[in-house]
There are 2 protein chains.
Amino acid sequence: MVKYQASAIDRTFSALADPTRRHILLRLKDEPGLSVSELARPLALKLPGMMKHLDVLSDAGLITRAKSGRTVAVTLSPGPMAEAMEWLRHYERFWTVSIDRLAAFVEASPE
Amino acid sequence: MVKYQASAIDRTFSALADPTRRHILLRLKDEPGLSVSELARPLALKLPGMMKHLDVLSDAGLITRAKSGRTVAVTLSPGPMAEAMEWLRHYERFWTVSIDRLAAFVEASPE
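Residues numbered from 1 in each chain as written. Chains lettered and ligands numbered in written order. Predicted model: local features only at pLDDT ≥ 70, side-chain atom pairs only at ≥ 80, totals over all residues. Heavy atoms only, no water.

Q: How would you explain the overall build of chain A if you had to name every residue and give the values?
A: Within chain A one finds six helices and three strands. Moving toward the C terminus, one meets the helices and strands of chain A in the order α-α-β-α-α-β-β-α-α. Expressed as a percentage of its 111 residues, the buried residues of chain A come to 37%. As presented, chain A carries roughly 6500 Å² of accessible surface, and 56% of it is formed by carbon and sulfur atoms. (Helix = DSSP H or I, 4+ residues; strand = E, 2+ residues; numbered from the N terminus. Buried < 20%, exposed > 50% of the residue type's maximum accessible area, 1.4 Å probe, protein only. Areas by Shrake-Rupley, 256 points an atom, 1.4 Å probe, with all protein chains shown as cover.)

Spelled out as structure tokens, the structure:
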């Protein structure tokens, strides 16, 4: 019997399942320490919506926030992604095999 | 402005964010073509709950179902995971750097 329990990897995959949150992570990859308002600027989001996304990312351990005066700096914390990637790696040989088969099929086909 | 649109990668990450669905995928990796009832057996799930999970996996393109008489055989279709893995790969150098730093710190610390 498998019992449901929201684990770290559940929260990671769930946090990544939203394009706005992935966009935030991509920006933080290139520009660490952006403020919340700098992150919000290109997004069609009001502050409460933005904070909700940042809370999901923070709960998943994917970002950290540091307050300095009136500014909150946000930093990427990619550790949990390593576990998600390890999980996906179990399947890598399957899609590699599929691509190899497809390549063999294409090569064997008459033009 | 980033506009919300439920894309293939959203559905993939969302499908993977549940332990029951990951359990189903892990079983199908080792035992391709299991029937729905064989998949349901070790899970504390009634058929409607099971079908709901299979629908999510199918909508994400992670499984295919083939009906033969009264039996539905389920097969893994790992292609969408390749895209998810590609996305995560952008961050790989970050956690590698973190692990290297941690290792350097541990090695430099007195016992």
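Next comes the rest of the account.
Q: Residues and numbers for the sheet that holds strand β1 (residues 34-35) of chain A, please.
A: Residues and elements named next belong to chain A. Strand order across the open sheet formed by three strands is β1-β3-β2, with antiparallel pairing between neighbours. One side of each edge strand has no neighbouring strand; the edge strands of this open sheet are β1 and β2 (63-68). Strand direction decides the pairing type here: β2 and strand β3 (residues 71-76), joined by six bridges, are antiparallel. Residue A66 lies in a different strand from β3, and its bridge partner there is A73. (Pairing = 2+ DSSP bridges.)

Q: An account of the interface of chain B and chain A is requested, with residue identities and associated values reported.
A: In many reports, interface size means the accessible area that the parts give up when they come together. Contacts between chain B and chain A engage 36 residues on the former and 36 residues on the latter. Both faces considered, chain B and chain A share a buried interface measuring about 3500 Å² in area, 74% of it formed by carbon and sulfur atoms. The interface formed by chain B and chain A includes four salt bridges. Residue R22(B) is joined to D10(A) by a salt bridge in which the shortest nitrogen-to-oxygen separation is 2.8 Å. Between chain B and chain A we count eight residue pairs in polar contact (both at pLDDT 80 or more) in total. For the side of chain B that touches chain A, the elements supplying multiple residues, two or more each, are α1 (8-16), α2 (19-30), α5 (79-89) and α6 (92-108) of chain B. Ranked by residue count, the leading element in the side of chain B that touches chain A is α5(B), at seven residues. The residue makeup of the side of chain B that touches chain A, split by class, is 24 nonpolar, five polar and seven charged. (Contact = heavy atoms within 4.5 Å. Buried area = accessible area lost by both parts, 1.4 Å probe. Salt bridge = Lys/Arg side-chain N within 4 Å of Asp/Glu carboxyl O. Polar contact = N/O pair within 3.5 Å; in protein donor to acceptor, adjacent residues only side chain to side chain. Nonpolar A, V, L, I, M, F, W, Y, C, P; charged D, E, K, R; others polar.)

Q: Explain the pairing of β3(A) to me, and be specific about the residues and the numbers.
A: Looking down a regular strand, the side chains alternate between one sheet face and the other. Residues and elements named next belong to chain A. Pairing of β1 with β3 involves two bridges; the strand directions are antiparallel. In the sheet register, S35 faces β3, and the bridge partner there is A73. In this structure, the hairpin formed by β2 and β3 is closed by a connection of two residues, where G69 is found at a positive phi of approximately 65°.

Q: Can you explain the relation of the copies chain B and chain A? Please cite residues and give values.
A: Note: a rotation about an axis with an accompanying shift along it relates these two copies of the chain. You can overlay chain B on chain A at an RMSD of 0.1 Å; the transform is a turn of 180° with a shift of 0.0 Å along its axis. Considering both components of the superposition, the chain copies are consistent with a two-fold axis. With an isologous cut-off of 70% or more, the 100% of interface residues of chain B that recur at the interface of chain A puts this contact in the isologous class. (Least-squares fit on C-alpha atoms with pLDDT ≥ 70 in both.)

Q: Tell me about the packing of helix α1 (residues 8-16) of chain A against helix α5 (residues 79-89) of chain A, and name the residues and values.
A: Residue and element names in this part refer to chain A. Between α1 and α5, whose axes approach to 9 Å, the crossing angle comes to 95°. Judged by the angle between their axes, α1 and α5 are roughly perpendicular. Mapping the contact onto sequence places A8, I9, T12 and F13 in α1 and P80, M81, E83, A84, W87 and L88 in α5. The residue makeup of the contact of α1 with α5, split by class, is eight nonpolar, one polar and one charged. (Axes fitted to C-alpha atoms, helices over the stretch in contact; angles between N-to-C directions. Parallel < 35°, antiparallel > 145°, perpendicular 65-115°, else oblique.)

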